[in-house]
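# An overview of the molecular structure
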Amino acid sequence: QIALGADMRFATPDCKLSIMEAKWGLIPDMSASVTLRELVRIDVAKELTMTGRIITGEEAAELGLVTRCVADPMEESIKVAEEIVARSPDSVAATKRLYQETWVAPPAVCLKEETLIQRQLLASYN
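To keep things clear, this report deals only with the structure shown in the data block. (Residues numbered from 1 in each chain as written. Predicted model: local features only at pLDDT ≥ 70, side-chain atom pairs only at ≥ 80, totals over all residues. Heavy atoms only, no water.)

### Structural notes on the nonpolar core
With 13 residues, the main nonpolar core has Leu4, Leu36, Val40, Leu48, Ile55, Ala60 and Leu65 as its most contacted residues. It is helix 2 (residues 42-51) that provides the largest number of residues to this core, a total of three residues. Those residues in contact with leucine 48 that sit more than four places away from it in its chain are Ile19, Arg53, Ile55, Leu63 and Leu65. (Core = buried A, V, L, I, M, F, W, Y, C linked by side-chain atoms within 4.5 Å. Buried < 20%, exposed > 50% of the residue type's maximum accessible area, 1.4 Å probe, protein only. Helix = DSSP H or I, 4+ residues; strand = E, 2+ residues; numbered from the N terminus. Contact = heavy atoms within 4.5 Å.)

### Remarks on the packing of helix 5 (residues 89-102) against helix 6 (residues 107-122)
Between helix 5 and helix 6, the shortest axis-to-axis distance is 10 Å and the interhelical angle comes to 165°. For the element pair helix 5 / helix 6, the angle class is roughly antiparallel. In terms of crossing hand, the pair formed by helix 5 and helix 6 is right-handed. Residues Asp90, Ser91, Ala94, Arg97, Leu98, Glu101 and Thr102 of helix 5 pack against Val109, Cys110, Glu113, Glu114, Leu116, Ile117, Gln120 and Leu121 of helix 6. Class assignment for the residues of the contact of helix 5 with helix 6 results in seven nonpolar, three polar and five charged. (Axes fitted to C-alpha atoms, helices over the stretch in contact; angles between N-to-C directions. Parallel < 35°, antiparallel > 145°, perpendicular 65-115°, else oblique. Left-handed = near helix turned anticlockwise from the far one by under 90°. Nonpolar A, V, L, I, M, F, W, Y, C, P; charged D, E, K, R; others polar.)

Dropping the structure here:
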């Protein structure tokens, strides 16, 4: 569940993932009710949570639980990190802020925040 809160998640095809709380008569915690809904449809979240079914990295990628399914997740994450580091740090931080603050907001709120952040970036050296 900690991984659900990451900006990106990489897994191997044979990786095993599960939301196991049902096995112990519990519900997901550690913000899973927020992070899971941002990644998968409600029926998928319910099925995975209510059954505790173990899925592979490939299925996790198909469902949207992981960003990519690759042979070497560490190598892939370093590659992506290097691509991000090559960009403007202000732009990267602003992009994360924009999505974190508006992902489930109404379109008017999204557009207002987008305009505000863009103006801040255009007025600065980045």
